[in-house]
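Here are the chains, one letter per residue:
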Amino acid sequence: GDNPFEAMPWFGMDIGGSLCKLVYFEPKDTTKDELESEIEVLKNIRRYLTKNSAYGKTGHRDTHLQMDNVVIRGRKGTLHFIRFPTSEMGNFLALARMKGMANLVTTVCATGGGAYKFEENFIREVNMKLAKFDEFDSLIKGMHYIEAQNSDECYYWANPTDETRCAKVNYDFSNPYPFLIVNIGSGVSVLSVNGPNNYKRVSGTSIGGGTFLGLCCLLTGCNSFEEAIELATGGDHTHVDKLVRDIYGGDYERFGLPGDLVASSFGQMNSRDRRSKVSREDLAKATLVTITNNIGSIARMCAQQEKIDRVLFIGNFLRVNPIAMKLLAYAMDYWSKGTMKALFLEHEGYFGAVGCLLQFNE
Ligand code: ADP
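Residues numbered from 1 in each chain as written. Predicted model: local features only at pLDDT ≥ 70, side-chain atom pairs only at ≥ 80, totals over all residues. Heavy atoms only, no water.

Colleague: Quick question: what am I supposed to make of the layout of surface pockets here?
Modeller: A probe as big as a water molecule, rolled over the atoms, marks out the empty space that is left. Approximately 1,000 Å³ is the volume found for the largest pocket. Contributions of two or more residues to the lining of the largest pocket are made by α11 (280–306) and α12 (322–335). As a volume, the second largest pocket reaches approximately 820 Å³. In this structure, the second largest pocket is lined by 41 residues; those nearest its centre are Ser 18, Leu 19, Lys 21, Ser 186 and Asn 316. With four residues, the top contributor of residues to the lining of the second largest pocket is helix α7 (residues 209–220). Classifying every residue of the lining of the second largest pocket by side-chain character gives 14 nonpolar, 20 polar and seven charged. (1 Å grid on protein atoms, 1.4 Å probe; cavity = no way out; pocket = protein on both sides within 12 Å on 5 of 7 lines; lining within 4 Å. Points joined across faces, edges and corners; volume = space filled by probe spheres on them. Helix = DSSP H or I, 4+ residues; strand = E, 2+ residues; numbered from the N terminus. Nonpolar A, V, L, I, M, F, W, Y, C, P; charged D, E, K, R; others polar.)

Colleague: Help me understand the site of the ligand, please; the structure alone is not making it clear to me.
Modeller: For the ligand, the set of nearby residues contains 17 residues, the closest of which are Ser 18, Leu 19, Lys 21, Ser 186 and Arg 319. Between an oxygen atom of the ligand and a side-chain N or O atom of Asn 316, the distance comes to 2.9 Å. Phe 317 is positioned with one of its backbone polar atoms (N or O) 3.3 Å from an oxygen atom of the ligand. Alone, the ligand offers 570 Å² of accessible surface; in the complex the protein occludes 87% of this. Here the ligand is seated within the second largest pocket. Contributions of two or more residues to the shell around the ligand are made by β2 (19–27), α7 and α8 (225–233). Here the element with the most residues in the shell around the ligand is α7; it accounts for three residues. Each residue belonging to the shell around the ligand can be placed in one class, and the counts come to four nonpolar, nine polar and four charged. (Near = heavy atom within 4 Å. Polar contact = N/O pair within 3.5 Å; in protein donor to acceptor, adjacent residues only side chain to side chain. Areas by Shrake-Rupley, 256 points an atom, 1.4 Å probe, with all protein chains shown as cover. Sits in = over half its atoms within 2 Å of the grid points.)

Colleague: Any chance you could explain a nonpolar patch on the surface here in plain terms?
Modeller: A surface patch of nonpolar side chains, about 290 Å² in accessible area, is lined by Leu 215, Leu 218 and Leu 219. Within the secondary structure, Leu 219 is located in helix α7. (Patch = residues over 30% accessible without salt bridge, like charges linked within 9 Å, V, L, I, M, F, W, Y side chains within 5 Å. Salt bridge = Lys/Arg side-chain N within 4 Å of Asp/Glu carboxyl O.)

Colleague: Would you mind showing me how to read the confidence of the model for the protein here?
Modeller: The predicted structure's coordinates, where accompanied by low pLDDT, should not be read in detail. Here the protein averages 94 in pLDDT, and 97% of its residues register 70 or above. Counting contacts from residues 1–7, a segment whose pLDDT is below 50, to residues more than four positions away or on other chains yields nine contacts. Here the predicted complex scores 0.96 on pTM and 1.00 on ipTM. (pLDDT = per-residue confidence, 0-100. Contact = heavy atoms within 4.5 Å.)

Colleague: What am I meant to see in the pairing of strand β16 (residues 310–314) here?
Modeller: Look at any regular strand and the pattern is simple: side chains alternate between the two faces of the sheet. By the criterion of burial, β16 is predominantly enclosed, with five of the five residues buried. Here β16 shows two buried faces, one formed by Arg 310, Leu 312 and Ile 314 and the other by Val 311 and Phe 313. Across four bridges, strand β11 (residues 179–184) lies against β16 in parallel orientation. What sits directly across from Ile 181, in β16, is Leu 312. Two strands pair when backbone bridges link them, and β16 and strand β17 (residues 341–345) are joined in this way by four bridges, in the parallel orientation. Bridging from a neighbouring strand, Val 311 pairs with Ala 342 of β17. Following the chain from β16 across α12 to the adjacent parallel β17, one finds a crossover that is right-handed. (Buried < 20%, exposed > 50% of the residue type's maximum accessible area, 1.4 Å probe, protein only. Pairing = 2+ DSSP bridges. Right-handed = clockwise from strand over helix to strand, strands pointing away.)

Colleague: Mind showing me how you'd approach the packing of aromatic side chains here?
Modeller: Per the stated rule, a full pass over the model turns up 18 aromatic pairs. Residues Tyr 334 and Trp 335 carry aromatic rings whose centres are separated by 4.9 Å and whose planes lie at 85° to one another, so their mutual orientation is edge-to-face. Exposure remark for Tyr 334: the relative accessible area of 31% places this residue in the partly exposed category. Residue Trp 335 is classed as partly exposed on the basis of its relative accessible area, which comes to 35%. Its guanidinium or amino end placed over the ring of Tyr 155, Lys 168 lies 4.3 Å from that ring's centre, counting from NZ or CZ. Over the ring of Tyr 156 we find Lys 341; its NZ or CZ atom is 3.8 Å from the centre of that ring. (Phe/Tyr/Trp six-rings, centres within 6.5 Å; stacked < 30°, edge-to-face > 60°. Lys NZ or Arg CZ within 6 Å of the ring centre and 35° of its normal.)

Okay, here's the thing in structure tokens:
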């Protein structure tokens, strides 16, 4: 067609500080005519993306998140979710070029800081123009879209501190306003959402997922997020932190502070003797607990300030990270005396990418 985008596979990209999220819409209602007139390059790209789940050394398709029979701009098809480290952008562009992308005159929807940072590289290396969209507009649009398409999207953790009774429970988010979004990526942004087109960014902190991973690598010598989480799973943060009971010998009853509450994160690590006894696992766990509780505390204060009781935690920091989700669930409930609820979404890190794909031609 005249619109070069029509000939283009449908992509939405969210190029973040740590990870590049790529959402690909594969139309499944293609007519015979369409298939026959589709150019070879596009066929190959579709085959390559949908037949594999790993791309190069660092690209992954999250097959468990795939969504079939979704409708976008009147077309029915499948949404695929792909991610790779933003540091691999050079290799990604080289691969896209090798697959023939540069021979198409195309526009791709993009959001996140990388949509600005890498704009020239996309033009120069793969002849692709970026249609840029704001990351928070995209995040919220993507979130509402996915939530409406997938009845199992939203959940909370019941009994988060009880190993045996703890469980994910589906949550009906069809009547959402007002709510708070806490997006935990490399850094953290907090948005207060009052209606479909009514939100503001109320707060943020630079102490986020990137901080967890950076500190964990420094302290344990680990080299990936997955490794950091695995270490944390086997660790005990009470070997690292100073607890209320380490100071009081028990609870601080007058102000209702239980003995096993962290009074000082990493507060034991001034002691040479204690340092010689902690494991890498303990250090990873303490780092995870420190970062997560700090975010939980900021989230709770923002919710209080905004008079909001439902807090939606998203972002890739929560990927394969039940420890952090349960901690947030417990902390929100405990410190709000049961008035606030922590909610989570299955496609936690992909809403920006979905949202910018939706906005094209809107
Ligand atoms: P951004 O847009 O800033 O890249 P994301 O929502 O993608 O933010 O989250 C990035 C964070 O997710 C990282 O800081 C890290 O804590 C966590 N993370 C989860 N999986 C990975 C991974 N495979 N590689 C790197 N970081 C990961």
